[in-house]
Amino acid sequence: MAGETVLVVGGAGYIGSHTCLDLANKGFKPVVYDNFSNGHREFVKWGPAEEGDIRDRARLDEVLAKHKPAAILHFAALIEVGESVKDPVSFYENNVIGTLTLLSAAQAAGVKAFVFSSTCATYGLPQSVPLDESHRQVPINPYGRTKYIVEQALADYDQYKGLRSVILRYFNAAGADFEGRIGEWHTPETHAIPLAIDAALGRRQGFKVFGSDYDTRDGTCVRDYIHVLDLADAHVRAVEYLLDGGGSVALNLGTGTGTTVKELLGTIETVSNRPFPVEYVGRREGDSTTLVANNDKARDILGWSPQYNLTEIIQSAWNWHAKSNQH
């Protein structure tokens, strides 16, 4: 498989760019396809870039004919839950119509291996924790629903069209490349770790915690934070699995370890050695008390296991945000 070309759709974004780094390290040729609405040209470092939108079938056909990828990794989604509630139409146009356009182009080009960036948001409110892949899928916002619709489409493409796919349901992606070449960079930023680090760096007033009366060990929500390089490793393993003839499957990507918001903030304060103001406010609608992955299936099928702990996640994120100049 070394030397195979992989089309990384959305490869200039946060998780996509780290996956390009891992693909290159493992001998693949990553080709980035991105419209650069949320991705960064500076993050395209390990292969060529092709500018284009996933809704542009003619451009997709052109790029697929030019590079002839053995597999496609699809990261090009709108991801902000709050935005999906305000503007569901954009989410359906990009995440559903765009993905179906990409799948049609992949089919026409004879691509047989497709890795889809999905989310634990497809599960909705957890009925049991940790969540495994058999948990019912009842998403509670347009973002989660758009991802779930694509998951259902991929099952049909597999059954009726022979397009094999690995669906990867992420929990909370975090951290950065340890060498500081790429990292998390969203505009606007909505993720807890970058927001808290910015507070520690004095770039914002402080950090707001939504809800301190949850049924958890310290009253704050519990989440499963996974290093972006561990996510990248799982994606490359998924490509290798499909190219080796593996069948379609959906897998959770998380550490299996839950961290409360208070514990997260404590770790950031310890790593940075910079206390920062924290304000406790009311709960946010739609937030689950606890979201933690059962990742046994990914271990069994891909031979994957997370390598990095919370302190390493925060250390790599701190290094990136402290030195990055996107502000």
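Residues numbered from 1 in each chain as written. Predicted model: local features only at pLDDT ≥ 70, side-chain atom pairs only at ≥ 80, totals over all residues. Heavy atoms only, no water.

1. Details of the sheet that holds strand 14 (residues 290-291)
Spatially, 12-9-14 is the arrangement adopted by the three strands of the open sheet, whose pairing is mixed. Single-partner strands in this sheet number two, and they are strand 12 (259-260) and strand 14. One ladder, built from two bridges, connects strand 9 (residues 222-223) with strand 14; its direction is parallel. Looking across to strand 14, one finds that valine 222 is bridged to threonine 290. (Pairing = 2+ DSSP bridges. Helix = DSSP H or I, 4+ residues; strand = E, 2+ residues; numbered from the N terminus.)

2. A few points about helix 2 (residues 57-67)
Within helix 2, the full set of buried residues consists of Arg59, Leu60, Val63, Leu64 and His67. Seen end-on, helix 2 carries its buried residues on one side only, within an arc spanning 130°. Facing away from the buried side of helix 2 by more than 90 degrees, the exposed set consists of Ala58 and Lys66. (Buried < 20%, exposed > 50% of the residue type's maximum accessible area, 1.4 Å probe, protein only. Arc of directions from axis to C-beta.)

3. Structural notes on the sheet that holds strand 3 (residues 49-51)
Backbone-to-backbone hydrogen bonds join strands into a sheet, with any given pair of strands oriented parallel or antiparallel. Spatial ordering of the open sheet is given by 3-2-1-4-5-6-11, a layout of seven strands whose pairing is parallel. Looking at which strands have only one partner, the edges of the open sheet turn out to be strand 3 and strand 11 (249-253). Between one strand axis and the next, the sheet turns by 20° as a mean value, whatever way the strands run. Bridge count between strand 2 (residues 29-34) and strand 3: three bridges; the pairing is parallel. Bridge pairing in strand 3 links tyrosine 33 to glutamate 50. Sitting on the sheet, helix 5 (residues 142-161) is in contact with strand 5 (113-119) and strand 6 (164-170), with an inclination near 155° to strand 5. (Axes fitted to C-alpha atoms, helices over the stretch in contact; angles between N-to-C directions. Contact = heavy atoms within 4.5 Å.)

4. Regarding the pattern of salt bridges
Applying the stated criterion across every chain, the model contains 17 salt bridges. The shortest N-O distance in the salt bridge between lysine 86 and glutamate 83 comes to 3.5 Å. Of this pair, lysine 86 and glutamate 83 are both found in helix 3 (residues 81-86), three residues apart, which corresponds to roughly one turn of the helix. Each of Asp22, Lys26, Asp233 and Arg237 takes part in salt bridges that share partners, so that together they form one network. (Salt bridge = Lys/Arg side-chain N within 4 Å of Asp/Glu carboxyl O.)

5. Quick notes on the packing of helix 8 (residues 261-272) against helix 10 (residues 310-323)
At a closest axis distance of 10 Å, the pairing of helix 8 and helix 10 adopts a crossing angle of 55°. With respect to their mutual orientation, helix 8 and helix 10 come out oblique. For helix 8 against helix 10, the interelement crossing comes out right-handed. Residue-level inspection shows Leu264, Thr267, Ile268, Val271 and Ser272 of helix 8 in contact with helix 10, the latter providing Leu310, Thr311, Ile314, Gln315 and Trp318. When the residues that make up the contact of helix 8 with helix 10 are grouped by side-chain class, the tally is six nonpolar, four polar and no charged. (Parallel < 35°, antiparallel > 145°, perpendicular 65-115°, else oblique. Left-handed = near helix turned anticlockwise from the far one by under 90°. Nonpolar A, V, L, I, M, F, W, Y, C, P; charged D, E, K, R; others polar.)

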